[in-house]
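# Examining the three-dimensional arrangement
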Amino acid sequence: MAEVELFRLWLIKSGRKTGTIRCYLGCFKRLLSVAPNLTLEEINLYLLSLIDTGRKATYVNDYIDTMRIYEQFKGTSIYTTITYFKEKEFIKATMSDKEIENFLALKPIRK
């Protein structure tokens, strides 16, 4: 737990906002519980398991941000190889009123 407390103090000293610190520490504690050695393999497996269980990319990217901030704290660069996940694109099921108006205003195509 000493590592968590040192990381928290560093985050405070580096001028991070309270909500940001809370987010980083929450992610960091969860990572430590599933990947106690914080190896790239352990972290990548955990991140993939989050994606597999339906977590959104933005949620998983919070963990990646946390590890990148943590490596600044430690003065290393071992987590920079972890790549961010892209959010899945979705197709809208309905059109807005403006989109309907624009669609109805289109001239018909005749062959």
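Residues numbered from 1 in each chain as written. Predicted model: local features only at pLDDT ≥ 70, side-chain atom pairs only at ≥ 80, totals over all residues. Heavy atoms only, no water.

### Some remarks on the confidence of the model for the protein chain
Put simply, the rule reads: What pLDDT expresses is the predictor's confidence in each residue, scored from 0 to 100. Segments assigned H or I by DSSP are reported as helices when at least four residues long, segments assigned E as strands when at least two residues long, and all are numbered from the N terminus.
Across the protein chain, pLDDT averages 91, with 98% of residues at or above 70. Mean pLDDT values over the elements of the protein chain span from 88, in helix 5 (residues 97-104), up to 96, in helix 2 (residues 18-34).

### Thoughts on the environment of Ala35
Note the threshold: The contact rule is simple, with two residues in contact once any of their heavy atoms fall within 4.5 Å.
With respect to the secondary-structure elements, Ala35 resides in the loop between helix 2 and helix 3 (40-52). Through-space distance from the C-alpha of Ala35 to that of Ala93 is 40 Å; in sequence the pair is 58 residues apart. Discounting chain neighbours no more than four positions away, the residues touching Ala35 are Glu42 and Ile43.

### Quick look at the pattern of salt bridges
We count it as follows: Any carboxyl oxygen of Asp or Glu that lies within 4 Å of a side-chain nitrogen of Lys or Arg is treated as forming a salt bridge with it. Each residue is assigned to one of three classes by its accessible area relative to the maximum for its type, calculated with a 1.4 Å probe on protein chains only: buried under 20%, partly exposed between the two thresholds, exposed over 50%.
The tally for this structure, following the rule as stated, stands at 2 salt bridges. For Lys74, the salt bridge goes to Glu3, with nearest N and O atoms at 3.2 Å. A residue pair is termed long-range when its members are at least 10 positions apart, and Lys74 in helix 4 (residues 57-74) and Glu3 in helix 1 (residues 2-13) qualify at 71 residues. For Lys74, a relative accessible area of 43% puts it in the partly exposed group. Glu5 is paired through a salt bridge with Arg8; the nearest N and O atoms lie 2.5 Å apart.

### Quick notes on the packing of aromatic side chains
The test is simple: In this analysis, rings of Phe, Tyr and Trp, with Trp reduced to its six-membered ring, are considered paired at centre separations within 6.5 Å, and the interplanar angle assigns stacked below 30 degrees, edge-to-face beyond 60, and tilted for intermediate values.
Within the structure shown, the criterion is met by 9 aromatic pairs. Seen in terms of ring centroids, Phe7 and Phe28 are 5.1 Å apart; in terms of plane orientation they differ by 55 degrees. Their pairing is tilted. With Phe7 in helix 1 and Phe28 in helix 2, this pair connects stretches of sequence that are 21 residues apart. Comparing Phe7 with Phe28, the two get one shared label, buried. With a centroid separation of 4.6 Å and 35 degrees between ring planes, the pair formed by Phe28 and Tyr70 is classed as tilted. One end of the pair, Phe28, is in helix 2; the other, Tyr70, is in helix 4, and 42 residues separate them in sequence. The buried category is assigned to Phe28, whose relative accessible area is 0%. Among the residues examined, Tyr70 registers a relative accessible area of 6% and is labelled buried.

### Let's talk about the state of the cysteines
Rule in force here: Here, the term disulfide refers to a pair of cysteine sulfur atoms separated by no more than 2.5 Å.
All chains considered together, the criterion is met by 0 disulfides. With no disulfide of its own, Cys23 lies closest to Cys27 among cysteine sulfurs, the gap being 4.4 Å. Judged by relative accessible area, which is 30%, Cys23 ranks as partly exposed. Classification of Cys27 as buried rests on a relative accessible area of 2%.

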